[in-house]
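Residue-level structural notes
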Amino acid sequence: MTELIGTHEIPCLSDTDYAAYALYMQCVAEQVEAQLVANAAVADSVLHRPIRMWFYTDDLPDGSAALLGGADGVQFSLNYPATFGNSIAATLNRRGWWRFGMLYRCTSSAPVVGNNRLVTVAIFPPNTPSSLRNMNDGAWSLKLQDIAWETNTGGGESLYTQAEVYNPGDPTVGENDLGMRIEVAIACESGGVETVTFNGALWAIYLGDTPSISI
Amino acid sequence: MPSSTAIYGITYPCSGDTIDPAALATFATTLDAALTQGQADLERVTSRPNAQMSATASQAVVINTSTDLTYTTEVYDNDGIVNLGVSTSALIIQTAGAYLVWGSFRLPSGFTTLTSVNVILTVNGIEQGRDITSNDDDIEYALSIPMNLQVGDLVRMQARWTGTGGPASVTTRLLSASYVAAP
């Protein structure tokens, strides 16, 4: 009688069924191949993780916070599901850990000593009303912020935020967080200039589901 | 007539075939090859390309001039990305894909006024991202951004400063590239 051995249940012939050698070897071959194919699929999903980088420009009122609605384009995109959409306000419909980052630069108006510029990336739960998608009293789940304090006139044009890691599958956030949104907002002060032009980039990298985090 | 599995080619005898030592050897050999391939599939994940190079000696950076920084030491490299015999300034990409590129340098003390300090990352001489600040000397400046890179791409970090006085140089510097995603 054939016995199944080990956690992978490899069949092992008994002394009564040696006539089944050919069938036995075929079973082992197919079982090993099935396990290898499954392992390769996991490896492939890690290697081919979604990553996307958007770029954009916008004019913002000085001293205010504002959401950036749309991107000017996609810098590059690998393995990024089409259902995620093209806009900066992207929907994250894959559960797991993500890494967000942004690089932002003011392209006009010399800064004034003592003023600051603040850049923010926020992650909102799905179906958040637009009225709550703001940086001050919004329903954000996570904010990534960077601030630059000008110490010398003419310097400090850019702000840079390298993001944290966020897990939409965190139990404190809940099951319904598939469909999280990325929103971007800028608050700046630059010495009374009424409108400041920014350009920059935002990126999102899928790190994996909870059991297979790696970067 | 022996048959084989569709993907990994594990060869096994069919009903009616003679099962002799040669048939068993073929089975074992092809099974071993399949397991070796499976191991390679996993190692593509656990051994993704990673490289970093460094230098500590002072390097001159002329005021208001973007300057490619150079390196003297391979810190680590599992994909032939660091080749100081070919380039002392560039990481040379060997595997296409998305990378997180990170660079940092230290600005030594002695500047009278620092109006701005730039960290610039380039690919084939084209700027990919820049951070400009006006903080202070005797500190580290760093920048990290993702890049979609092709085989042969040259990744460099540049330093630039404006102000007055100072040693007009940078000291300890690092440049690294870490493979994030396959195309």
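Residues numbered from 1 in each chain as written. Chains lettered and ligands numbered in written order. Predicted model: local features only at pLDDT ≥ 70, side-chain atom pairs only at ≥ 80, totals over all residues.

**Concerning the overall build of chain B**
- Secondary structure assignment for chain B yields 1 helix and 14 strands.
- At 25 Å, chain B has a C-alpha radius of gyration far larger than the 16 Å of a compact globule built from 183 residues.
- The principal-axis extents of the C-alpha atoms in chain B amount to approximately 90 × 25 × 25 Å.
- Split into buried and exposed, the 183 residues of chain B put 37% on the buried side.
- Summarising the internal contacts of chain B: among those between residues at least 6 apart in sequence, 69% fall at separations of at least 24. (Helix = DSSP H or I, 4+ residues; strand = E, 2+ residues; numbered from the N terminus. Rg over C-alpha atoms; globule rule 2.2 N^0.38 Å. Buried ≥ 20, exposed ≤ 12 C-beta atoms within 10 Å, placed from the backbone. Contact = placed C-beta atoms within 7 Å.)

**So, helix 1 (residues 21-47) of chain A**
- Between its first and last C-alpha, helix 1 of chain A extends 39 Å over 27 residues, near the 39 Å set by a 1.5 Å rise per residue.
- Those residues of helix 1 of chain A lying buried are M25, Q26, A29, E33, L36 and V46 of chain A. (Expected span 1.5 Å × (residues − 1).)

**Regarding the interface of chain A and chain B**
- At the interface, 39 residues of chain A touch 39 residues of chain B.
- Counting residues per element, the side of chain A that touches chain B draws most heavily on helix 1 of chain A, which supplies 15 residues.
- For the side of chain A that touches chain B, the residue count by class is 22 nonpolar, 11 polar and 6 charged. (Nonpolar A, V, L, I, M, F, W, Y, C, P; charged D, E, K, R; others polar.)

**Remarks on the environment of F76 of chain A**
- Residue placement: F76 of chain A occurs in strand 5 (residues 73-78).
- Counting along the chain gives 28 residues from F76 of chain A to H48 of chain A, while the straight-line C-alpha distance between them is 14 Å.
- When residues no more than four places from it in sequence are discounted, the contact partners of F76 of chain A are M53 of chain A together with N148 of chain B.

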